[in-house]
Amino acid sequence: MDEKKINIEGEEEVKQNAEASEETIVNEEKTSENIENAQAEEVAEAEEKDPLEAAQEEIAHLKEQMLYKAAEFDNYRKRTIKEKAELLLNGAEKTVVAVLPVLDDMERAIAEGKKTDDPEVLREGMELIYQKFIKVLEGLNVKAIDTTDKDFDVDMHEAIAMVPGMGDDKKGKVIDCVLTGYTLNDKVIRHAKVAVGQ
């Protein structure tokens, strides 16, 4: 009798497991059907969406993009203005740093000039400082405009005097340079003031 009870209970358990499995399969099938139905409904809704609503959504999206781009451009503009201002304020730094050693030499020369009365020593010191200063300017791409036996050039020279009676070979040529002109990176920063043959 105990064996029959165990068999009956075992059979009931197998039946319950089989029913549970069938229920799970049915539930899974229903879930799959529900998902498919939901997806089909979304597709149908998308297809049925009003063209006006779609256009309004597109407009809203484009407005948002435009605002982002405008903000980015504004930030870029502010950054470049700040960089330009810094360049203007600190642009001369390189030049000043290059010229400071020449200033130091001049201060030393003045101090030594007070100790000696020999004009030859003072002249030599000034010449050395002048040569050093010319090298500093060349290092900064500042060059003197050459006027020796050159034709008068409006881009490089400024005529302050016309010298008559110099002959045909000197006509339109630079006779004398009154004030030296300079270029910086091949751009004239001061025209040479010259006398021109007439």
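Look a little higher up for the structure.
Throughout, a residue's number is its position along its own chain's written sequence, starting from 1. The predicted origin of the model limits local features to residues at a pLDDT of at least 70 and limits the giving and counting of side-chain atom pairs to 80 or more, whereas totals for whole chains, interfaces and linings rest on all residues. Excluding hydrogens and water, the side-chain figures rest on all heavy atoms present in the structure.

1. Structural notes on helix α4 (residues 119-139)
Test applied: Helical segments are the DSSP runs of H or I of at least four residues, strand segments are the runs of E of at least two, and each set is numbered from the N terminus. Given the number of residues in a helix, its expected span is that number minus one, multiplied by 1.5 Å. Each residue is assigned to one of three classes by its accessible area relative to the maximum for its type, calculated with a 1.4 Å probe on protein chains only: buried under 20%, partly exposed between the two thresholds, exposed over 50%. The arc in question is traced by the directions running from the helix axis to the C-beta atoms. Any pair of residues with heavy atoms lying within 4.5 Å of one another is described as a contacting pair. The definition of a polar contact used here is a pair of N or O atoms within 3.5 Å, where within protein one atom must be able to donate a hydrogen and the other to accept one, and adjacent residues in sequence count solely through side-chain atom pairs.
For α4, spanning 21 residues, the distance from its first C-alpha to its last is 30 Å, which sits close to the expected 30 Å at 1.5 Å a residue. Every buried residue of α4 is accounted for by I129, V136 and L137. For α4, the buried positions fall inside an angular range of 95° around the axis, keeping them on one side. Seen from the open side of α4, the exposed residues pointing more than 90 degrees away from its buried face are L128, K135 and G139. Buried residues belonging to α4 abut α3 (93-113) and β1 (142-144). Two to three positions downstream of the cap, the backbone nitrogen of E120 sits 3.2 Å from a side-chain oxygen, assigning the N-cap of α4 to D118. N141 sits one or two residues past α4 and shows a positive phi near 65°.

2. Looking at the pattern of salt bridges
Threshold: Salt bridge criterion: a side-chain nitrogen from Lys or Arg within 4 Å of a carboxyl oxygen from Asp or Glu.
Evaluated as defined, the whole model comprises nine salt bridges. Measuring nitrogen to oxygen at the nearest pair gives 2.9 Å for the salt bridge that ties D105 to K132. Separated by 27 residues along the polypeptide, D105 in helix α3 and K132 in helix α4 bring together distant segments of the chain. A residue is classified by how much of its surface remains accessible, and D105, at 16% relative accessible area, is buried. Residue classification places K132 among the partly exposed residues on the basis of a relative accessible area of 32%.

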